[in-house]
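One-letter residues, chain by chain:
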Amino acid sequence: ADLKSGDAKERERSILALAAMGPKASSALGALAPLLKSDPSPRVRICAVVAVASVARTNQDAVAPLRKAMSDPDPRVRAVAAQALKVLEGGAAAD
């Protein structure tokens, strides 16, 4: 799995594999931040939002990068970031 692959689908797979690991992959948070901020693929940025929310050891570790994602040019990225923030900040029911 390669976060720096030239292939967006490969980056997506790598990011989602980290997300599935949860907090055990918290050391990858630093590598996810640049993808969340500036990957050319909106789908990769969406995957990065999910991964940041999943791997952060604490909600606070995830909130700052997710708030930055709220200014993403793609509305889908902003929507996923908003949902992740709601969940992390306790504003959404877990069902």
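Residues numbered from 1 in each chain as written. Predicted model: local features only at pLDDT ≥ 70, side-chain atom pairs only at ≥ 80, totals over all residues. Heavy atoms only, no water.

**Q** Looking at this structure, I do not really get the overall build of the protein. What am I missing?
**A** Across its full length, the protein holds five helices and zero strands. Projected onto the principal axes, the alpha-carbon positions of the protein cover approximately 35 × 30 × 25 Å. Long-range pairs, those at least 24 residues apart, make up 51% of the contacts in the protein with a sequence separation of at least 6. Counting only carbon and sulfur atoms, one obtains 57% of the accessible surface of the protein, whose full area is about 5,400 Å². Treating the 14 positive side-chain charges of the protein as one cloud and the 10 negative ones as another, the clouds have centres 2 Å apart. (Helix = DSSP H or I, 4+ residues; strand = E, 2+ residues; numbered from the N terminus. Contact = heavy atoms within 4.5 Å. Areas by Shrake-Rupley, 256 points an atom, 1.4 Å probe, with all protein chains shown as cover. Lys, Arg positive; Asp, Glu negative; His and termini not counted. Charge placed at Lys NZ, Arg CZ, Asp CG, Glu CD.)

**Q** Any chance you could explain the side chain of Glu-12 here in plain terms?
**A** Looking at where Glu-12 falls in the secondary structure, it is placed in helix H1 (residues 8-21). Beyond its immediate chain neighbours, meaning those up to four positions away, Glu-12 contacts Ser-41, Arg-43, Val-44 and Cys-47.

**Q** What is the right way to read the packing of helix H4 (residues 59-69) against helix H5 (residues 75-88) from this model?
**A** Two packed helices can be described by the angle between their axes and the distance between those axes. Look at H4 against H5: their axes get within 9 Å of each other, and the N-to-C directions meet at 155 degrees. One element, H4, and the other, H5, form an angle in the roughly antiparallel class. The two elements H4 and H5 meet at a crossing, and its hand is left-handed. When H4 is examined against H5, the residues Asn-59, Ala-62, Val-63, Leu-66, Arg-67 and Ala-69 are found in contact with a partner set consisting of Val-77, Arg-78, Ala-81, Ala-84, Leu-85 and Leu-88. By residue class, the composition of the contact of H4 with H5 is nine nonpolar, one polar and two charged. (Axes fitted to C-alpha atoms, helices over the stretch in contact; angles between N-to-C directions. Parallel < 35°, antiparallel > 145°, perpendicular 65-115°, else oblique. Left-handed = near helix turned anticlockwise from the far one by under 90°. Nonpolar A, V, L, I, M, F, W, Y, C, P; charged D, E, K, R; others polar.)

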